[in-house]
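The residues making up each chain are set out below.
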Amino acid sequence: QVQLVESGGGLVQPGGSLRLSCVASGSIVSISVMGWYRQAPGKERELVATITSDGNTNHADSVKGRFTISRDNAKNTVYLQMNSLKPEDTAVYYCYALRYGFRFWGQGTQVTVSS
């Protein structure tokens, strides 16, 4: 089983930056994809960004040019650098990993963008 722990969320003013981290442990061999979803209250969960084992990345149109997903294989960690944050980015952000067709989820970390 894969265990995922997110960190780095918090309160930030519009235009500010945050860096989220997701550390994978357990059965981490053969993880094919890792990424981030977010969900605001009353709204559907939204895919934010993904990164494959080959290093290919994909970002949602709503965050392109502002968010960047990356990874550090030595630390089994995926990052989400978030710049130029907007109030509409406020949500709980969930890390996920795909391994042998199973999707594993982190516990989520709250990001609040407000004055």
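First, a word on what this report is: a plain description of the structure on this page. The structure displayed is predicted, hence computed values, not measured ones. (Residues numbered from 1 in each chain as written. Predicted model: local features only at pLDDT ≥ 70, side-chain atom pairs only at ≥ 80, totals over all residues. Heavy atoms only, no water.)

1. Structural notes on the overall build of the protein chain
Right, on to step 1. Of the regular secondary structure elements, the protein chain holds zero helices and eleven strands.
Right, on to step 2. Listing the helices and strands of the protein chain from first to last along the sequence gives β-β-β-β-β-β-β-β-β-β-β.
Right, on to step 3. Here the C-alpha atoms of the protein chain give a radius of gyration of 13 Å, agreeing with the 13 Å that 2.2 N^0.38 yields for 115 residues.
Right, on to step 4. If you line up the protein chain on its principal axes, its C-alpha atoms span 40 × 25 × 20 Å.
Right, on to step 5. Expressed as a percentage of contacts within the protein chain between residues at least 6 apart in sequence, the contacts between residues at least 24 apart total 53%.
Right, on to step 6. Computed over 11 positive and 8 negative side-chain charges, the separation of the two mean positions in the protein chain equals 3 Å. (Helix = DSSP H or I, 4+ residues; strand = E, 2+ residues; numbered from the N terminus. Rg over C-alpha atoms; globule rule 2.2 N^0.38 Å. Contact = heavy atoms within 4.5 Å. Lys, Arg positive; Asp, Glu negative; His and termini not counted. Charge placed at Lys NZ, Arg CZ, Asp CG, Glu CD.)

2. Considerations on the side chain of Arg66
Right, on to step 1. Positionally, Arg66 belongs in the loop between strand S6 (57-59) and strand S7 (67-72).
Right, on to step 2. According to the relative accessible area criterion, Arg66 is buried, its value standing at 11%.
Right, on to step 3. Separated by 2.9 Å, the side chain of Arg66 and the backbone oxygen of Ser62 make a polar contact.
Right, on to step 4. Discounting chain neighbours no more than four positions away, the residues touching Arg66 are Gln81, Met82, Asn83, Ser84, Leu85, Lys86 and Asp89. (Buried < 20%, exposed > 50% of the residue type's maximum accessible area, 1.4 Å probe, protein only. Polar contact = N/O pair within 3.5 Å; in protein donor to acceptor, adjacent residues only side chain to side chain.)

Geometry only, nothing functional implied.
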